[in-house]
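# Tertiary structure, described
Listed here are the chains, written in short residue letters.
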There are 2 protein chains.
Amino acid sequence: MTDDQKRAVAEMLRTGPLDLGGELHEQRRVLVEMLTGIPLPDDVIATSGHLGDIDVVSVDIAGVSADDVVLYLHGGAYALGTAASSVGLVADLMRRAGVRGVSVDYRLAPESPYPAALDDAVASYEALLESTDPRRIALVGESAGGGLVLATLVALRARGVPMPASAVVFSPWADLTLSGRTIHTKSGVDPALTAAGLRTRAADYVGSADPTDPLVSAVHADLTGLPPLLVQAGSDEILLDDALRVVAAAAMADVAVTLQITPGVPHVFQAFAAILTEGAAALDAAGEFLRAHFGKP
Amino acid sequence: MTDDQKRAVAEMLRTGPLDLGGELHEQRRVLVEMLTGIPLPDDVIATSGHLGDIDVVSVDIAGVSADDVVLYLHGGAYALGTAASSVGLVADLMRRAGVRGVSVDYRLAPESPYPAALDDAVASYEALLESTDPRRIALVGESAGGGLVLATLVALRARGVPMPASAVVFSPWADLTLSGRTIHTKSGVDPALTAAGLRTRAADYVGSADPTDPLVSAVHADLTGLPPLLVQAGSDEILLDDALRVVAAAAMADVAVTLQITPGVPHVFQAFAAILTEGAAALDAAGEFLRAHFGKP
């Protein structure tokens, strides 16, 4: 049964119109259509707003009132995706965590290459700190947003800003040089991503920076001082090794890190929670992890 | 508070008489005294018996009756430790998992080098299968016993024997060549293990075999087909990289694998659950993992 679900998701991705490396404006439209194709549940309230100077979309579940908040960084290879189109996945997670989400419209490449996205993520967290105890905040991100969560934490720590209670990253893209082993070993089973597509977007984002800079590629960062971290990935993705290397770097640096690998599922399989048992289970685990860490010193 | 607990455990290990590489019979006595120093709770029932031709100790908690059983492989660098002296840790885990344990007295090196321990582990599992559905069995082991759990699963799969419901390994020793990065990078913070001590016992166990044989060193094994696997390790151990490499190999091979790294704690910190909050929390998580997987197809 769940094998049928996995096949359906893989087939949808394999035959679908999304091509990360394709013409930028076309692909931006395709991704937003994909993500907003499923209507939101009636109890999800999405509200546009600001954190400091940064555009955000707040995601609330009707009837859920909590002091705790997730600052969310969406995916899209640093060049695609919007806070508004992330609302479905954010709401699915917020419902489980029992908190509210704030999804950040960080600037995209190539119009705004590195460090624009990082600057916006840092600025939005610092603005949130003006009203919220850091122990009441978690950082969550998926794909490029997962790499950006890690870079943001490293940048915040270097600035002496208090860490949030925890962080969760789904299928992080944390190596813009694409040096992971699974870029090759998983290329035959990954229905969503290609090295060529990622390479195009990496060039857009890195611009004139050094792709091995730890703030560009968190696999090269010293992760000392990061808060408890949950990393989830599927085994059918060419970015699997990014997740594994982030976890190894976190463990070496004495971070309380948990890794959950789900076999036979693709990049950011949590986005398919409505039709994939494993996606719902991963979101359940992520919600539980977030709940367990809010309010801890 | 928990930092005080961590310091106390590290100090106890650093100043204690255990020296893995020391004179064998003396160190066997020291380890057994360490492990049996704390009296067992009154409701723990340990019974000597057999699984096929293999000596075992059954561990039951009074009042707990379950169809599910954990086959347990103790630690001790393949040369030390006994099923009887593992009862305290096994009982701490069985209480949480709500099942009974069977700890295996596999033969020890150097008297019985590889593949004696592996043969005994395989034989005990196959004997247990005569009375028990594999979906009602989990394999658990710590340190060398963790490496042995992984080798046992690989050997069972090669023999076409049905896999158990799940497996849990604490601080697995899975590389008898000691090639992990943390052998060096964590030597200053590991209060329990030294590369020299492990090297002595590796020579005892490997004997005339190849230390890179996947059945000797599971970091080199193809882990395809293994059941859901939980790996726990502390960040203050020279064997940390064994845990990380096992998890990477499992993920690459499409195993449903979960890794939990606890910072600032030593090798098999779960054994200190009575005086270390992190040890109790890790056993809680392991018990929950075992419960969640029993009975699954």
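Computed from a predicted model, the values in this text were never measured in an experiment.

Cut-offs applied
- Residues numbered from 1 in each chain as written.
- Chains lettered and ligands numbered in written order.
- Predicted model: local features only at pLDDT ≥ 70, side-chain atom pairs only at ≥ 80, totals over all residues.
- Heavy atoms only, no water.
- Phe/Tyr/Trp six-rings, centres within 6.5 Å; stacked < 30°, edge-to-face > 60°.
- Helix = DSSP H or I, 4+ residues; strand = E, 2+ residues; numbered from the N terminus.
- Buried < 20%, exposed > 50% of the residue type's maximum accessible area, 1.4 Å probe, protein only.
- Expected span 1.5 Å × (residues − 1).
- Axes fitted to C-alpha atoms, helices over the stretch in contact; angles between N-to-C directions.
- Left-handed = near helix turned anticlockwise from the far one by under 90°.
- Contact = heavy atoms within 4.5 Å.
- Nonpolar A, V, L, I, M, F, W, Y, C, P; charged D, E, K, R; others polar.
- Least-squares fit on C-alpha atoms with pLDDT ≥ 70 in both.
- Lys, Arg positive; Asp, Glu negative; His and termini not counted.
- Salt bridge = Lys/Arg side-chain N within 4 Å of Asp/Glu carboxyl O.
- Parallel < 35°, antiparallel > 145°, perpendicular 65-115°, else oblique.
- Core = buried A, V, L, I, M, F, W, Y, C linked by side-chain atoms within 4.5 Å.
- Buried area = accessible area lost by both parts, 1.4 Å probe.
- Polar contact = N/O pair within 3.5 Å; in protein donor to acceptor, adjacent residues only side chain to side chain.
- Pairing = 2+ DSSP bridges.

### Overview of the packing of aromatic side chains
All names here are of chain A. Per the stated rule, a full pass over the model turns up six aromatic pairs over all chains. A centroid spacing of 6.0 Å and a plane angle of 45° characterise the contact between Tyr78 and Trp173, whose relative ring orientation is tilted. A residue pair is termed long-range when its members are at least 10 positions apart, and Tyr78 in the loop between β3 (69-73) and α3 (87-97) and Trp173 in the loop between β6 (166-170) and α6 (182-185) qualify at 95 residues. With a relative accessible area of 0%, Trp173 lands in the buried category.

### Re helix α5 (residues 144-158) of chain A
Residues and elements named next belong to chain A. The terminal C-alpha atoms of α5 lie 21 Å apart, and with 15 residues this matches the ideal 21 Å at 1.5 Å per residue to within 8%. α5 sits mainly inside the fold: 13 of its 15 residues count as buried. Downstream of α5 by a residue or two, Gly160 has a phi angle that is positive, lying close to 75°.

### A look at the packing of helix α4 (residues 116-129) of chain A against α5(A)
The geometry of a pair of packed helices is captured by two quantities: the angle between their axes and the separation between those axes. All names here are of chain A. Two numbers describe how α4 lies on α5: the axes approach to 9 Å, and their chain directions differ by 65°. At the point where α4 passes α5, the crossing takes the right-handed sense. Residue-level contacts link Ala117, Leu118, Ala121, Val122, Tyr125 and Glu126 of α4 to Leu148, Ala151, Thr152, Ala155 and Leu156 of α5. Tallied by class, residues from the contact of α4 with α5 come to nine nonpolar, one polar and one charged.

### Quick look at the relation of the copies chain A and chain B
One copy of the chain maps onto the second through a rotation around an axis plus a translation along that axis. Between the two copies, chain A and chain B, the superposition gives an RMSD of 0.0 Å; the rotation angle is 180° and the shift along the axis is 0.0 Å. Both chain copies can therefore be described as sitting about a two-fold axis. Across chain A, the rotation axis passes nearest the C-alpha of Leu259(A), at a separation of 2.5 Å. When the interface residues of chain A are mapped onto chain B, 100% of them are again interface residues, pointing to one common binding face.

### Focus: the side chain of Glu237(A)
Here Glu237(A) lies in the loop between β7 (229-234) and α8 (240-252). With no salt bridge to any partner, buried Glu237(A) finds its closest opposite charge in Lys186(A), at an N-O distance of 10 Å.

### Notes on the packing of helix α3 (residues 87-97) of chain B against helix α9 (residues 277-293) of chain B
Residues and elements named next belong to chain B. Running from N to C, α3 and α9 point in directions that differ by 55°, and their axes come no closer than 8 Å. By the angle class used here, α3 and α9 are oblique. In the crossing of α3 with α9, the sense of the turn from one axis to the other is right-handed. For the pair α3 and α9, contact is made by Leu89, Asp92, Leu93, Arg95, Arg96 and Ala97 and by Ala280, Leu283, Asp284, Ala286, Gly287, Leu290 and Arg291, respectively. Looking at the contact of α3 with α9 residue by residue, the classes come out as seven nonpolar, one polar and five charged.

### Quick word on unusual backbone geometry
With an omega dihedral of 0°, the bond running from Ala109(A) to Pro110(A) counts as a cis peptide bond. With respect to the secondary-structure elements, Pro110(A) resides in the loop between β4 (100-104) and α4. Despite not being glycine, Tyr78(A) shows a phi value in the positive range, around 70°. A residue is classified by how much of its surface remains accessible, and Tyr78(A), at 2% relative accessible area, is buried. In this structure, Ala77(B) is a non-glycine residue whose phi angle is positive, near 60°. In this structure, Ala77(B) sits in the loop between β3 (69-73) and α3. On the basis of relative accessible area, Ala77(B) is assigned to the buried category, the value being 3%.

### Comments concerning the nonpolar core
Counting 154 residues, the largest nonpolar core has Trp173(A), Leu223(A), Leu229(A), Trp173(B), Leu223(B) and Leu229(B) as the members making the most contacts within it. When sequence neighbours within four positions are dropped, the list of residues in contact with Leu223(A) reads Val154(A), Arg157(A), Ala218(A), Val246(A), Ala249(A), Ala250(A), Ala253(A) and Val255(A).

### Regarding the interface of chain A and chain B
Contacts between the two partners involve 23 residues from chain A and, on the opposite side, 23 residues from chain B. Carbon and sulfur atoms supply 62% of the area that chain A and chain B bury against each other, a total of about 1600 Å² over both sides. When residues of chain A are sorted by the area they lose upon contact with chain B, Met252(A), Asp254(A) and Ile261(A) head the list and together hold 30% of the total. Remark: the boundary between chain A and chain B carries two salt bridges. Residue Lys186(A) is joined to Asp254(B) by a salt bridge in which the shortest nitrogen-to-oxygen separation is 3.3 Å. Linking chain A to chain B there are nine residue pairs in polar contact (both at pLDDT 80 or more). Elements that contribute at least two residues to the side of chain A that touches chain B include exactly α8 and β8 (257-262) of chain A. A total of seven residues in the side of chain A that touches chain B trace back to one element, the largest contributor, which is α8(A). Broken down by class, the residue content of the side of chain A that touches chain B amounts to 12 nonpolar, five polar and six charged. Direction of pairing for β8(A) relative to strand β8 (residues 257-262) of chain B: antiparallel, over a ladder of three bridges.

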